[in-house]
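Fold and geometry: a report
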Amino acid sequence: MDRDDMKWRTLKSNYIIRRPWLTARRDTVELPSGAVNDEYYVLEYPDWVNVIAITTGGRFVMIRQYRHGIGQTCHEIVAGVIEPGEQPEAAARRELAEETGYGGGEWRKLMAIAPNASTSTNFTHCFVATGVEPVGNQHLDPTEDIDVLLAGREEVLAMLRSGELKQATMAAPLWRYFAENP
């Protein structure tokens, strides 16, 4: 059965805040049933990228940084925002080089996922880069404080299994990678 009829109709939309890292709007929407929700909030974000980067020696390039939203220092894969006009793979390559000093290798897109399809507008484009090597130094933004570490396959799996990798947009592509590469 074709369910395109499930799409909501936007009756009105008002921006609450428009800042570089936070854009929020309040929509009035009508559901196919005719019900109206006059207070549906949507967060507008640019698309993001992340990278499962694996060195020529088979080690995963991981980072560690503090995440203020949850108040914890987390192990993660490289990730970042796609700049206006930038292609996803170019953004992923840039982020890997900036955050870790690694680059090169063979690249492929693994998947695109919606971080929160209910209330956010963006996608995360996930890449796998194999055979990466050090190509320079980190080039961090003034607000970034990132440690780089190399982890073996079993270490990364253990981080996933224990819940040490907190971000869903990072755990999902890692789980898929391990499922497809047993």
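Residues numbered from 1 in each chain as written. Predicted model: local features only at pLDDT ≥ 70, side-chain atom pairs only at ≥ 80, totals over all residues. Heavy atoms only, no water.

**Some points on the pairing of strand E5 (residues 60–67)**
Formally: Strands pair, by our definition, only if DSSP identifies at least two bridges between them. Strands are runs of DSSP state E lasting at least 2 residues, helices are runs of H or I lasting at least 4, and numbering of each runs from the N terminus.
Pairing geometry for strand E4 (residues 48–55) and E5, over 2 bridges, is antiparallel. Looking across to E5, one finds that isoleucine 54 is bridged to phenylalanine 60. Pairing analysis gives 5 bridges linking E5 to strand E11 (residues 147–151), with the strands arranged antiparallel. When the sheet's bridge partners are listed, arginine 64 is paired in E11 with aspartate 147. Inspection of the sheet shows E5 paired to strand E6 (residues 72–76) by 5 bridges, in the antiparallel sense. From the neighbouring strand, glutamine 65 faces E6, where its bridge partner is cysteine 74. The antiparallel pairing of E5 with E6 creates a hairpin that spans 4 residues between the two strands, and glycine 71 there sits at a positive phi of about 70°.

**Side note on the environment of methionine 159**
Rule in force here: Any pair of residues with heavy atoms lying within 4.5 Å of one another is described as a contacting pair.
Relative to the helices and strands, methionine 159 is located in helix H2 (residues 153–162). A C-alpha to C-alpha distance of 25 Å links methionine 159 and glutamate 106, two positions 53 residues apart in sequence. In contact with methionine 159, not counting residues within four places along its chain, are Met62, His75, Ala151, Glu164 and Leu165.

**Here we look at H2**
Side chains of residues three or four places apart in an α-helix project in the same direction, reflecting 3.6 residues per turn. Test applied: Burial classification: accessible surface area is computed with a 1.4 Å probe over protein chains only, and a residue below 20% of its type maximum counts as buried, one above 50% as exposed, and the rest as partly exposed. Taken from the helix axis, the directions to the C-beta atoms give the arc we talk about.
Turning to H2, its buried residues number three or more, namely Val156, Leu157, Met159 and Leu160. Each buried residue of H2 lies within a common arc of 155° when the element is viewed along its axis, so the set occupies one face. The exposed residues of H2 that point more than 90 degrees off its buried face are Glu154, Arg161 and Ser162. Looking at the packing, one finds that the buried side of H2 touches E5, E6, E11 and helix H3 (168–180). Glycine 163 sits one or two positions beyond H2 and adopts a positive phi of about 85°.

**A look at the nonpolar core**
Counted only if it meets this: In this description, a nonpolar core means a group of buried Ala, Val, Leu, Ile, Met, Phe, Trp, Tyr and Cys residues linked to one another through side-chain atoms lying within 4.5 Å.
If you look at the biggest cluster of nonpolar residues, it comprises 21 residues, and the most contacted ones within it are Ile52, Phe60, Met62, Val156, Leu174 and Phe178. Among the elements of the structure, E4, E5, strand E9 (106–113), strand E10 (124–134), H2 and H3 are those that each provide at least two residues to this core. Excluding residues within four positions of it along the chain, valine 156 makes contact with Phe60, Met62, Ala151, Leu165, Leu174 and Phe178. Formed by 16 residues, the second largest nonpolar core is a distinct cluster that contains Ile63, Ile82, Ala91 and Trp107.

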